[in-house]
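The chain contents come next:
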Amino acid sequence: ILWQGSRVAIDFEGSQLALRFDCLEGQSFFDVGVDGTKCILAIRDDNDQRFVFQPALGRGRHRLTLFKRSEASAGTVRFRGIDLAAGARAWLPAPPVYKLTMEFIGDSITVGACDEDGDADQWDNRQTHNNALSYGALTAAAFSADYRNIAVSGMGVVTGWVDVRAGQIWDRLYPKASSSPADLNAWKPDVLLVNLGENDDSYSHARGKAFPETFADAYVSLVHAIRKAYPSARIILLRGGMYGGSQSAALRDAWQTAVARLEAADPAINHFVFTHWTRNHPRVADHRAMADELIAWLRAQDFMRNHSSNH
């Protein structure tokens, strides 16, 4: 289970449940739910792991749900399945009824990094980095959308706090430039939202360098690659959520230049700028404010009504 926002669901019967994992790299955290009872599952050990669900389960049919709350670049793990009571059965659950598909591509803002931290951002324990309460997940839920999140903390378009660039991983299985390509035909977004540039600005500023001159060209190239992969998607270009996206004139000007070029050539590209922003990484309340802004704007767009009616 790789990217944040990945989900698993299984129906089962009986009073016992254990979950099995292995092949851990880094650390991975999940929201685990059974019949409305929820807990956080922390996987930090590379050994073959078996976790027993502790709350009492009655007889009859139950549903297990897993949501990967921590980001892919912090850790990945393999889910091996479940152990049940002797003689108990399991079923494939009825598939969710989605109205459309939505994908978010971005950095730590889109990941939901630090959103459950206190006053200071921390990166040692990713349990408080909860993608389920990020603006992307909240927005997708508001539209009953099948949700995907391809984002890496510290990642930029030209430069950033990590070595990988958005153009190297947005279409990969893992958040690594050396990763195999993902099968982009297996799942296609109706609406794809891109929120990048914060790290190009903050990293350059921290190193005493000018904002990258090649940002606009690289941003346009990235969006062109996305369009080639998803010719039918509505692409929304986002800016904001933290200081750089809101207050940096250099990022704003380069982003606006790129957006103008893209929108002039492609009528299925739009843009949206968040009003709400924070100096630290957005906390849950900030993500809720950002989601509220984005949801209100999307609901006013004709293409959202068109997409919803097609499913």
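Preceding this section is the structure that the text describes.
Residues numbered from 1 in each chain as written. Predicted model: local features only at pLDDT ≥ 70, side-chain atom pairs only at ≥ 80, totals over all residues. Heavy atoms only, no water.

S.K.: Could you clarify how one ought to interpret the sheet that holds strand β4 (residues 37-43) in this entry?
M.R.: With respect to topology, 5 strands assemble into an open sheet ordered β4-β3-β6-β1-β8, the strand pairing being antiparallel. This sheet does not close on itself; its edge strands, each paired only once, are β4 and β8 (90-91). Here strand β3 (residues 28-34) runs beside β4; their pairing, made up of 7 bridges, is antiparallel. Across the sheet, the residue bridging to V34 is T37, located in β4. (Pairing = 2+ DSSP bridges. Helix = DSSP H or I, 4+ residues; strand = E, 2+ residues; numbered from the N terminus.)

S.K.: It is not clear to me how the packing of helix α5 (residues 215-229) against helix α7 (residues 249-265) should be interpreted in this structure. Could you clarify?
M.R.: Two quantities define a packed helix pair, namely the angle between the helix axes and the distance between the axes. For the pair α5 and α7, the least separation of the axes is 9 Å and the interaxial angle reads 40°. Between α5 and α7, the interaxial angle falls into the category oblique. Two packed elements cross with a definite hand, and for α5 against α7 that hand is right-handed. Counted together, F215, A216, D217, Y219, V220, V223 and H224 of α5 and L251, A254, W255, T257, A258, R261 and L262 of α7 form the full contact between these two elements. When the residues that make up the contact of α5 with α7 are grouped by side-chain class, the tally is 10 nonpolar, 2 polar and 2 charged. (Axes fitted to C-alpha atoms, helices over the stretch in contact; angles between N-to-C directions. Parallel < 35°, antiparallel > 145°, perpendicular 65-115°, else oblique. Left-handed = near helix turned anticlockwise from the far one by under 90°. Contact = heavy atoms within 4.5 Å. Nonpolar A, V, L, I, M, F, W, Y, C, P; charged D, E, K, R; others polar.)

S.K.: How do you make sense of the packing of aromatic side chains when you look at a structure like this?
M.R.: Aromatic ring pairs are defined here through the distance separating the ring centres and the angle between the ring planes. Taken as a whole and judged by the stated rule, the model has 14 aromatic pairs. For the pair F272 and W297, a centre-to-centre distance of 5.4 Å together with 40° between the ring planes defines the contact as tilted. With F272 in strand β13 (residues 269-273) and W297 in helix α8 (residues 284-299), the pair connects residues that are 25 residues apart, well separated along the chain. Among the aromatic residues, those joined into a ring-pair cluster are F104, Y135, Y147, F272, F274, W297 and F303. (Phe/Tyr/Trp six-rings, centres within 6.5 Å; stacked < 30°, edge-to-face > 60°.)

S.K.: What is the right way to look at α5 in this model?
M.R.: Note that an α-helix has 3.6 residues per turn; residues three or four places apart therefore point the same way. For α5, which comprises 15 residues, the first-to-last C-alpha distance of 21 Å matches the rise-based estimate of 21 Å (1.5 Å per residue) to within 8%. Inspection of α5 places F215, A216, Y219, V220, L222, V223, I226, R227 and A229 among the buried residues, and these make up the whole buried set. (Expected span 1.5 Å × (residues − 1). Buried < 20%, exposed > 50% of the residue type's maximum accessible area, 1.4 Å probe, protein only.)

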